[in-house]
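So the chains spell out like this:
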Amino acid sequence: MPIDFELSAGSQISLEHYNKIAREQMRPISRKYDLEEHTLPTEWVDYWWSEGRKGPQDKGAFQNDGFVTVCLQAEELCWGDAGLYLRMPTPALGGSAVSAAGTKEQRSKFMNAFREEGGHPIWGAMAITEPNAGSDSAAIETTADYDEATGEYVLNGTKIFCTAGEGAATVDGGFVVVWATIDKSAGRGGIKSFVVPANTPGMELIGCEKKLGIRASDTATLRFEDCRVPAENLLGSSEVKKKDPKKSGANPKDKGFKGAMATFDASRPIVAAMATGIGRAALDFLKEELERQGVEIRYDAPPRELTAIERDVIEMEAELRAARLLTWRAAWMMNSGKPNNLEASMAKAKAGLAVTKITQKAVQLLGPVGYSKKLLVEKWMRDAKINDIYEGTQQINQLIVARRILDYPSAMLR
């Protein structure tokens, strides 16, 4: 059966549109905000809020490939700069959680501000990771106690590595979706997510991480001390069902935990696309440099006749394309309404590893100048590593893939 990998005309328009933004708006300031970590990239944020978020204006762009086109956008913009991509004023993961688990009223209340013209830039974020609960979301210690007298939930705990957390927590109009347990004895069944609007009393920005890569982005630590939010800010049901010892995982009817977890089915293909963009940036530059030096890559030569550099470049291209195809597959399944939990983790695991190898090899093949800050290649190598860590580490995603293929519950394969 023939397989068609051609993109629609709308996706081609989007690809060219976002590549132009990457070249003209992101690359020129890429090094500046890598060096000036934690400085708000005002020119980029303002551009995105006033122009970039409108997307391509060509009507043909509307006939696109849906979520696959979203991944194309992520790849192109991260080809420009992954740190600046993460600093864009968007609902981000917090918006994904509201869309996945929120009611119509909640979506309208918290998401409309991101669609309105004018105003000032705002951010959304999601706070899951804790000092004692990294990729294991079921080990969350932040609590949410219901106050019957006021009809509010009271949040207490600390969240770390919250992407876009500074903007979302401190700029009016934004919000942070916070995962907390309302009943520790219920395990995952007690974990719920709450929308905490920016500048809510009791939510405090402790600071931003000094990082290896993606240094233009604000990766925040947030503390919650008696932080009160109305009961209607709970995403999903407040009902808690105790864990059945004969079963694993969350209550399938619990849209709160399950709905919030579903954000990863959408976010992991996007992270994979981000990784592909960084990897392509390094590979494109390497190939251009080799061409300038008169080194031709002979794709049609027999393997035994290839030089070491030719083999390396061809292997890098194969890794990149494999990661991209897995990403498009996971995105296409989401488009089609098919469960893509397995495929999303496969794409994320593959792309995270591939981009790490590709960027390291690019630095190596370029020699001393590749390791210096004269080029952006060393930055891309630093930016790449996070794709192998956040949104579920390489090991966590491999566990998910293994459990799904073998049909093992988490209790049997940890």
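See above for the structure.
Owing to the predicted nature of the structure, the values given are computational and were not obtained by experimental measurement. (Residues numbered from 1 in each chain as written. Predicted model: local features only at pLDDT ≥ 70, side-chain atom pairs only at ≥ 80, totals over all residues. Heavy atoms only, no water.)

**Student:** Looking at this structure, I do not really get the overall build of the chain. What am I missing?
**Tutor:** Scanning the chain for helices and strands turns up 13 helices and eight strands. Judged by the C-alpha coordinates and their principal axes, the chain covers about 75 × 50 × 45 Å. Within the chain, the proportion of its 414 residues that are buried is 50%. For the chain, the proportion of contacts with a sequence separation of at least 24, taken over those separated by at least 6, is 75%. Surface exposure of the chain reaches about 19,600 Å², of which carbon and sulfur atoms provide 53%. Each charge class in the chain was averaged separately, 53 positive and 56 negative side chains, and the resulting centres sit 4 Å apart. (Helix = DSSP H or I, 4+ residues; strand = E, 2+ residues; numbered from the N terminus. Buried < 20%, exposed > 50% of the residue type's maximum accessible area, 1.4 Å probe, protein only. Contact = heavy atoms within 4.5 Å. Areas by Shrake-Rupley, 256 points an atom, 1.4 Å probe, with all protein chains shown as cover. Lys, Arg positive; Asp, Glu negative; His and termini not counted. Charge placed at Lys NZ, Arg CZ, Asp CG, Glu CD.)

**Student:** Sorry, what's going on with the nonpolar core here?
**Tutor:** Considering soluble globular proteins, one finds that nonpolar side chains tend to be buried as a cluster. Of all hydrophobic cores here, the largest spans 59 residues; its most connected members are W44, L77, Y85, V377 and W380. Broken down by element, this core gets its largest block of residues, 13 residues, from helix α8 (residues 255–292). In terms of nonpolar packing, the next biggest core, distinct from the first, is built from 23 residues, A164, V178, L222 and L234 among them. (Core = buried A, V, L, I, M, F, W, Y, C linked by side-chain atoms within 4.5 Å.)

**Student:** So what exactly am I meant to see when it comes to the packing of aromatic side chains here?
**Tutor:** Working definition: an aromatic ring pair is given by the centre-to-centre distance plus the angle between the planes. Tallied over the entire structure, the rule returns eight aromatic pairs. Directly above the aromatic system of W49 lies the positively charged group of R53, at a separation of 3.6 Å from the ring centroid. Of note, R87 hangs over the ring of W123, and the distance from its end group to the ring centre comes to 5.2 Å. (Phe/Tyr/Trp six-rings, centres within 6.5 Å; stacked < 30°, edge-to-face > 60°. Lys NZ or Arg CZ within 6 Å of the ring centre and 35° of its normal.)

**Student:** How do you make sense of the pattern of salt bridges when you look at a structure like this?
**Tutor:** Pairs can form between side chains of opposite charge once their charged atoms are near each other. Taken as a whole and assessed by the stated rule, the structure comprises 27 salt bridges. Linking E317 and R321 is a salt bridge whose minimum nitrogen-to-oxygen distance equals 3.8 Å. A residue pair is termed a helical-turn pair when its members lie 3 or 4 positions apart in one helix, as E317 and R321 do in helix α9 (residues 308–335) at four residues. For E317, a relative accessible area of 9% corresponds to the buried category. With a closest N to O distance of 2.9 Å, E378 and R382 form a salt bridge. Of the two residues, E378 and R382 are both situated in helix α12 (residues 377–385); the distance of four residues between them amounts to about one turn of the helix. The structure contains a network of salt bridges with shared partners spanning E75, E76, R280, D284 and R324. (Salt bridge = Lys/Arg side-chain N within 4 Å of Asp/Glu carboxyl O.)

**Student:** Please explain the state of the cysteines as it appears in this structure.
**Tutor:** Working definition of a disulfide: a covalent bond connecting the sulfur atoms of two cysteines. As enumerated under the stated definition, the model contains zero disulfides in all. Looking at C71, it has no disulfide partner, and the nearest cysteine sulfur is the one in C78, 11 Å off. Assessed through its relative accessible area of 0%, C71 is described here as buried. (Disulfide = S-S within 2.5 Å.)

**Student:** How do you make sense of the packing of helix α10 (residues 341–366) against α12 when you look at a structure like this?
**Tutor:** The relative placement of two packed helices comes down to the angle between their axes together with the axis-to-axis distance. It is at 8 Å that the axes of α10 and α12 come closest, and there the two elements cross at 160 degrees. The orientation of α10 with respect to α12, classified from their angle, is roughly antiparallel. Here the hand of the crossing between α10 and α12 comes out left-handed. In contact with V355, T356, T359, Q360, A362, V363 and L366 of α10, α12 contributes V377, E378, W380, M381, A384 and K385. Across the contact of α10 with α12, the residue classes tally to eight nonpolar, three polar and two charged. (Axes fitted to C-alpha atoms, helices over the stretch in contact; angles between N-to-C directions. Parallel < 35°, antiparallel > 145°, perpendicular 65-115°, else oblique. Left-handed = near helix turned anticlockwise from the far one by under 90°. Nonpolar A, V, L, I, M, F, W, Y, C, P; charged D, E, K, R; others polar.)

**Student:** Is there a simple way to explain unusual backbone geometry in this structure?
**Tutor:** It is generally the case that most residues other than glycine have a negative phi and that most peptide bonds are trans. For D226, which is not glycine, the phi dihedral falls at a positive 50 degrees. Checked against the element boundaries, D226 lands in strand β7 (residues 219–230). Even without glycine at this site, E391 takes up a positive phi of about 60 degrees. Checked against the element boundaries, E391 lands in the loop between α12 and α13 (394–406).

So yeah, pure geometry; function would need other evidence.
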